[in-house]
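Given next are the chains, with one letter for each unit.
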Amino acid sequence: MHSRSRSSRWTSRGPTLGLAAIAAATLLSSGCARAVLPSEKAYLADPIMQFGADGLESSADAHVMANREGAAGGTGTAGGGCGCN
Amino acid sequence: MQLDARTTSPRRRGRARSWLRSAALLGPLATLCGPTPAQGDDQVRAAVTYFAEPAPNTGLNVVHPQVNYSQDFGEHFGLGVGYDADVVSGATPQVFGVDAVTAATKFDDVRHNGTLGLRFLTEFATLRVGGGFAGESDYRSGTVNAGITTDLFNRNSQLALDYTHNFDRVCDANNAVAEELLELRALDSSDRCFEKGSDLTATRKLAIDSMQLTWTQVATPWLLLQFGATGQVLRGFQANPYRQVLLGERAVQEHMPEVRNRLALFARGKFALKPIRGAIELDVRGYLDSWSMRALTTELAWDQYIARPIVLRVRARWHLQDSALFYRDGNDYASSGPVGSFWTGDRELSALLNSTYGVKASYIIRARGKQFLRFIDAFVVSAKADMLFYRSLTENPEFSPNYDRTKGLLDAVVVQAQAGFDF
């Protein structure tokens, strides 16, 4: 019977630590930082500052990766910080 | 689906099944993670992507056309319509665990997918509902989705929550007479799939629930952050019905657990390089699931204005993953059999390192004052190329699935051309 060796780089606390890190980063970035004024968002409104600005490319890219990798999801949401919505 | 006469088996797929089915599994995630045009983003886009994974006898080629239309009607209503397809051809081993080259089978197939989405924009939030349907000879997938996005803290924060449910139907061989798992037969042909009264095939169900929570934060006038989590639960038939695994001296249909719970956590940052009119982006994703698979993905990208209408982007991406609990290489399955009651020949479930390096150029022509053709605000064209490298991290890579495709220096290539306009 073959037993598979598993890398020691993975720990069972990974997800918990990840969630804690996300929560901490969110609180820090939203609560502790000075509010950015609309007049200061010129750079953020630029198309190159949008996450996933090219929708067709993003979906095709995710399609390719899903076929070659066992993981999925976590690719984020499109948009940016110009406050345009 | 048309098959070459290389083997006597009439209609059999492996890798194509994997490629096409990945689209169905990805569907809910693509819906969640796909772009949601902001108010005023009235646009039409069309793209063609070509994927090639060369190999002497088991290569794979995919042509992926896409077209999207999005428009807002008034201040409170938006509509999005999309279509894409996969035109797949290549060759794949019949049985995982035997010589892939001499046992390769040629195939080709086409999958069509259509989506419809509605947006309702209010003072406090944007609501989204939508659905879609994808069909091919042996797989049908229906999708419904809903989501909400709201801006907070003087529009410096944005919270988005999305949910998708998939109603999928998978064609399988009729294994009603099998008394034990080792008697499971693989599907030979898609000819009788979804045919009422057929005693050769059976229709299996797969339900997929996906949810994503995303927080986007303006940190400074030059820094944008995004954090979130994606959860997914799959219940139903998840194996490749065509694939066989050699267990001892017997080739048996792939058999996988019917429940899979997945979780991905991600963080992204985008920093404006003000002096040189560029931006850099760093994405990190951690992933784990109930099949004991864990993965870490990192991507680094740099967007740079070369001249005002031209944007050049270079990127690098690395994906490292462990193998699923029940994965074995072909030699282990053949010599020792499986551990437990599950076995697979799916490369995506093995330990691996994928690397991607790419470049993209975009050209945007904006109307100055007077619109083009009286209604077009801007034309957009782009072209990109990615080089993909695969490295098996299993103990015996030569016995890993699709090893024949990984012998070259370049594992795979993706080329995409896109055009569209805003109005």
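Since the model is a prediction, treat every value here as computed from it, not as a measurement.

Here is what the cut-offs are and how they apply
Residues numbered from 1 in each chain as written. Chains lettered and ligands numbered in written order. Predicted model: local features only at pLDDT ≥ 70, side-chain atom pairs only at ≥ 80, totals over all residues. Heavy atoms only, no water. Disulfide = S-S within 2.5 Å. Helix = DSSP H or I, 4+ residues; strand = E, 2+ residues; numbered from the N terminus. Buried < 20%, exposed > 50% of the residue type's maximum accessible area, 1.4 Å probe, protein only. 1 Å grid on protein atoms, 1.4 Å probe; cavity = no way out; pocket = protein on both sides within 12 Å on 5 of 7 lines; lining within 4 Å. Points joined across faces, edges and corners; volume = space filled by probe spheres on them. Nonpolar A, V, L, I, M, F, W, Y, C, P; charged D, E, K, R; others polar. Core = buried A, V, L, I, M, F, W, Y, C linked by side-chain atoms within 4.5 Å. pLDDT = per-residue confidence, 0-100. Contact = heavy atoms within 4.5 Å.

Caption draft 1: The arrangement of the state of the cysteines in detail. Residues and elements named next belong to chain B. Summed over all chains, the structure comprises one disulfide over all chains. There is a disulfide in this structure between Cys171 and Cys193, and the S-S distance comes to 2.1 Å. Its torsion about the S-S bond being -80 degrees, the disulfide of Cys171 and Cys193 is classed as left-handed. Of this pair, Cys171 sits in strand S8 (residues 157–173) while Cys193 is found in the loop between S8 and strand S9 (201–220), placing the two residues 22 residues apart along the sequence. Looking at Cys171, the relative accessible area reads 1%, which means it is buried.

Caption draft 2: Representation of empty space enclosed by the protein. For the structure shown, the criterion picks out two cavities of 30 Å³ or more. Space inside the second largest cavity adds up to approximately 30 Å³. Those elements that place two or more of their residues in the lining of the second largest cavity are helix H2 (55–68) of chain A together with strand S19 (412–422) of chain B. At four residues, H2 of chain A tops the list of elements feeding residues into the lining of the second largest cavity. Among the residues making up the lining of the second largest cavity, the classes are represented as three nonpolar, two polar and three charged.

Caption draft 3: Here's a closer look at the nonpolar core. Within the largest apolar cluster, 17 residues are counted, with the highest numbers of intra-cluster contacts made by Met256, Tyr287, Trp291, Ala324, Phe326 and Leu349 of chain B. If you look at the next biggest cluster of nonpolar residues, it comprises 11 residues, including Leu44 and Phe51 of chain A together with Val218 and Leu224 of chain B.

Caption draft 4: Region of the structure containing the confidence of the model for chain A. When pLDDT is averaged along chain A, the result is 72, and 54% of the positions lie at 70 or above. Scored below 50 in pLDDT, residues 1–11 of chain A shows 26 contacts in the model against residues more than four places distant or in partner chains.

Caption draft 5: Region of interest: the environment of Gly74 of chain A. Its location among the elements puts Gly74 of chain A in the segment after H2. With relative accessibility at 8%, the residue Gly74 of chain A sits in the buried group. Residues Gly74 of chain A and Ala60 of chain A, spaced 14 residues apart in sequence, show a C-alpha to C-alpha distance of 15 Å. With residues near it in sequence (within four places) discarded, Gly74 of chain A still touches Gln212, Thr230, Ala264, Phe266 and Arg285 of chain B.

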